[in-house]
Amino acid sequence: MLIFSIAIWKLIIASIVAFCASILNATSGGGSFLTYPTLLLLGESHLIANATSTVGLWPGLISNLPGFKHELTTQKKFLKLFILPVLFGAATGSYVLTKTSDEVFSYVAPLLIVSGSFVLQFHTKIEHLFDKVKLGSEKRKIAVVTISTYFIAIYAAYFGAGVGVLFLAAFAFLKLETISHSIAIKNFLATSSNTIATAYFSFAGLVHWPVAVAMAFGSISGGIVGSRHIRKIDKDLMRRFVVIFGILTSIGLLTAQFV
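Here is what the cut-offs are and how they apply
Residues numbered from 1 in each chain as written. Predicted model: local features only at pLDDT ≥ 70, side-chain atom pairs only at ≥ 80, totals over all residues. Heavy atoms only, no water. Helix = DSSP H or I, 4+ residues; strand = E, 2+ residues; numbered from the N terminus. Buried < 20%, exposed > 50% of the residue type's maximum accessible area, 1.4 Å probe, protein only. Contact = heavy atoms within 4.5 Å. Areas by Shrake-Rupley, 256 points an atom, 1.4 Å probe, with all protein chains shown as cover. Polar contact = N/O pair within 3.5 Å; in protein donor to acceptor, adjacent residues only side chain to side chain. Patch = residues over 30% accessible without salt bridge, like charges linked within 9 Å, V, L, I, M, F, W, Y side chains within 5 Å. Salt bridge = Lys/Arg side-chain N within 4 Å of Asp/Glu carboxyl O. Core = buried A, V, L, I, M, F, W, Y, C linked by side-chain atoms within 4.5 Å. Phe/Tyr/Trp six-rings, centres within 6.5 Å; stacked < 30°, edge-to-face > 60°. Axes fitted to C-alpha atoms, helices over the stretch in contact; angles between N-to-C directions. Parallel < 35°, antiparallel > 145°, perpendicular 65-115°, else oblique. Left-handed = near helix turned anticlockwise from the far one by under 90°. Nonpolar A, V, L, I, M, F, W, Y, C, P; charged D, E, K, R; others polar.

### So, the overall build of the protein
Part 1: For the protein, the helix and strand inventory stands at twelve helices and zero strands.
Part 2: Evaluated residue by residue, the protein yields a buried proportion of 55% over its 259 residues.
Part 3: Within the protein, residue pairs in contact and separated by at least 24 positions form 84% of the contacts whose partners lie at least 6 positions apart.
Part 4: For the protein, the exposed surface amounts to about 12,000 Å²; the carbon and sulfur share of it is 71%.

### A look at the side chain of Ser192
Part 1: Residue placement: Ser192 occurs in helix H10 (residues 179-204).
Part 2: The class for Ser192 is buried, based on a relative accessible area of 10%.
Part 3: In this structure the side chain of Ser192 is engaged in a polar contact, spanning 2.9 Å, whose partner is the backbone oxygen of Phe188.
Part 4: Other than its neighbours up to four places away in sequence, Ser192 contacts Ile83, Val86 and Leu87.

### A closer look at a nonpolar patch on the surface
Part 1: A cluster of nonpolar side chains, Ile8, Ile12 and Ile16, forms an exposed patch at the surface whose accessible area comes to about 280 Å².
Part 2: Locating Ile12 in the fold gives a position in helix H1 (residues 8-26).

### A few points about the nonpolar core
Part 1: Counting residues in hydrophobic clusters, the biggest one holds 66 residues, and the most contacted among them are Tyr36, Phe105, Phe159 and Phe171.
Part 2: Broken down by element, the residue count for this core peaks at eight residues, all from helix H8 (residues 138-158).
Part 3: Setting aside anything within four residues of it in sequence, one finds Tyr36 in contact with His46, Ala49, Asn50, Ser53, Phe105, Ala109, Ile113, Phe159 and Leu253.

### Section: the packing of aromatic side chains
Part 1: Scanning all chains against the criterion turns up six aromatic pairs.
Part 2: Aromatic side chains Phe78 and Phe82 sit 5.9 Å apart centroid to centroid with 10° between the ring planes, which places their arrangement in the stacked category. Of this pair, Phe78 and Phe82 both sit in helix H5 (residues 76-98), four residues apart, roughly one helical turn.
Part 3: A relative accessible area of 9% means that Phe78 is categorised as buried.
Part 4: Overall, Phe82 belongs to the buried group, its relative accessible area being 0%.
Part 5: Ring centres 5.1 Å apart and planes at 75° place the aromatic pair Tyr150 and Phe151 in the edge-to-face group.
Part 6: Phe151 sits in the exposed class, given a relative accessible area of 52%.
Part 7: Three or more aromatic residues link up through ring pairs in this structure, and these residues are Tyr36, Phe105, Tyr158 and Phe159.

### Re the environment of Ser32
Part 1: Within the secondary structure layout, Ser32 lies in helix H2 (residues 32-41).
Part 2: According to the relative accessible area criterion, Ser32 is buried, its value standing at 11%.
Part 3: Separated by 25 residues in the primary sequence, Ser32 and Leu57 place their C-alpha atoms 8.3 Å from one another.
Part 4: Apart from the residues lying within four places of it in its own chain, the contact partners of Ser32 are Pro37, Ser53, Leu57, Phe159, Gly160 and Ala161.

### A short note on the packing of H2 against helix H3 (residues 46-64)
Part 1: Relative to each other, H2 and H3 sit at 135°, their axes nearing to 9 Å. As the angle between them shows, H2 and H3 are arranged oblique. As H2 runs across H3, the sense of the crossing is right-handed. Of the residues in H3, those in contact with Ser32, Thr35, Tyr36, Leu39 and Leu40 of H2 are His46, Ala49, Asn50, Thr52, Ser53 and Leu57.
Part 2: Residues belonging to the contact of H2 with H3 are distributed by class as follows: five nonpolar, six polar and no charged.

### Here we look at the environment of Ala109
Part 1: Looking at where Ala109 falls in the secondary structure, it is placed in helix H6 (residues 102-121).
Part 2: On a C-alpha basis, the gap between Ala109 and Phe159 in space is 7.6 Å, while along the polypeptide they are 50 residues apart.
Part 3: With residues up to four places along the chain from it excluded, the contact list for Ala109 reads Tyr36 and Phe159.

Here it is in structure tokens:
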């Protein structure tokens, strides 16, 4: 069987890392910082590692949504407004990735990781910066956020490191009731974009399925744990860990290209 074509210990590692990454995605974000380099270490190519990471973490994104049922119910207006641009953006980002060579992506990924790390590190300043921008009418604010979600979804499907912060920064224009409402919308849109990416990468043959299935089991558990305990978890501590790990990972990946 296909599942036995890869060492069991590799599947176990992939599942454990996906569990941790899914908790991060439900809280501070940056789960792909863990899974992408781990899959590289397990022997995957750069494009396969990225696509398999996306597919493996997708079930975890779905599993954390029930924990935000109340927030999502009260934000149906924005969900309906943003879902189409997110789906089109995800399709665009997925297409661009399939047209990127493995060699090019091996250099692009570390740069995206370090960029995502800095976005996570300075997320508060970024969100405050967006919050101070005066756009005038409510319709204008919604139009800007709608356009922003399209471009954020492109990045989310292409790689997605730190994409949650970008969504939250855009939502700062909307003056939502609580941060939980923003996180709920962010998780819903991230799940939607990853659904498109998962389907696209699957048909493109970029997914190593034994690893993706193992990751799915871990990510589902992590998504449930993360959503249930999001109000108790020290998100700042987790974010600092992700930032440091992301910077060290990007340095390691770039160094490996020249050794």
